[in-house]
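Read off the chains here:
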Amino acid sequence: MLAKINMIITQLFALDIGFKPESWQKTLPALVIGMIGIFLVIGIIILSTYALNKSFSKKDKDDPSKETEQ
């Protein structure tokens with residue numbers, strides 16, 4: 001068990017993790033496209049929820065039964 005943990009730790013430290021400014025040229029456009037996609041999907045969900053609420057909501061002013069209760 002200890003040998004497996006030691007092997008995992010050794011492999012983690014063997015990774016070449018560091019700051020590479022040239023990688024931003026490849027990853028930044030993908031990040032921007034992904035964020036735009038997320039905001040578009042959230043916007044579509046908000047607009048469809050708003051439209052469904054507007055189309056299926058009951059209006060209190062048009063309901064004559066509520067006027068007799070007051």
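Now for a description of the structure that goes with this document.

Attention shifts here to the overall build of the protein chain. A count of helices and strands for the protein chain gives 3 helices and 0 strands. Shown N-terminal to C-terminal, the secondary structure of the protein chain runs as helices and strands in the order α-α-α. Out of the 70 residues in the protein chain, the part that is buried amounts to 0%. For the protein chain, the accessible surface area stands at approximately 7,200 Å², while carbon and sulfur atoms represent 70% of it.

Together, F19, W24, L28, L31, V32, M35, I36, I38, F39, L40, I42 and I46 make up a nonpolar patch on the protein surface, roughly 1,200 Å² of accessible area in all. The residue L28 is located in helix 2 (residues 24-56) in this model.

Cut-offs applied
Residues numbered from 1 in each chain as written. Predicted model: local features only at pLDDT ≥ 70, side-chain atom pairs only at ≥ 80, totals over all residues. Heavy atoms only, no water. Helix = DSSP H or I, 4+ residues; strand = E, 2+ residues; numbered from the N terminus. Buried < 20%, exposed > 50% of the residue type's maximum accessible area, 1.4 Å probe, protein only. Areas by Shrake-Rupley, 256 points an atom, 1.4 Å probe, with all protein chains shown as cover. Patch = residues over 30% accessible without salt bridge, like charges linked within 9 Å, V, L, I, M, F, W, Y side chains within 5 Å. Salt bridge = Lys/Arg side-chain N within 4 Å of Asp/Glu carboxyl O.

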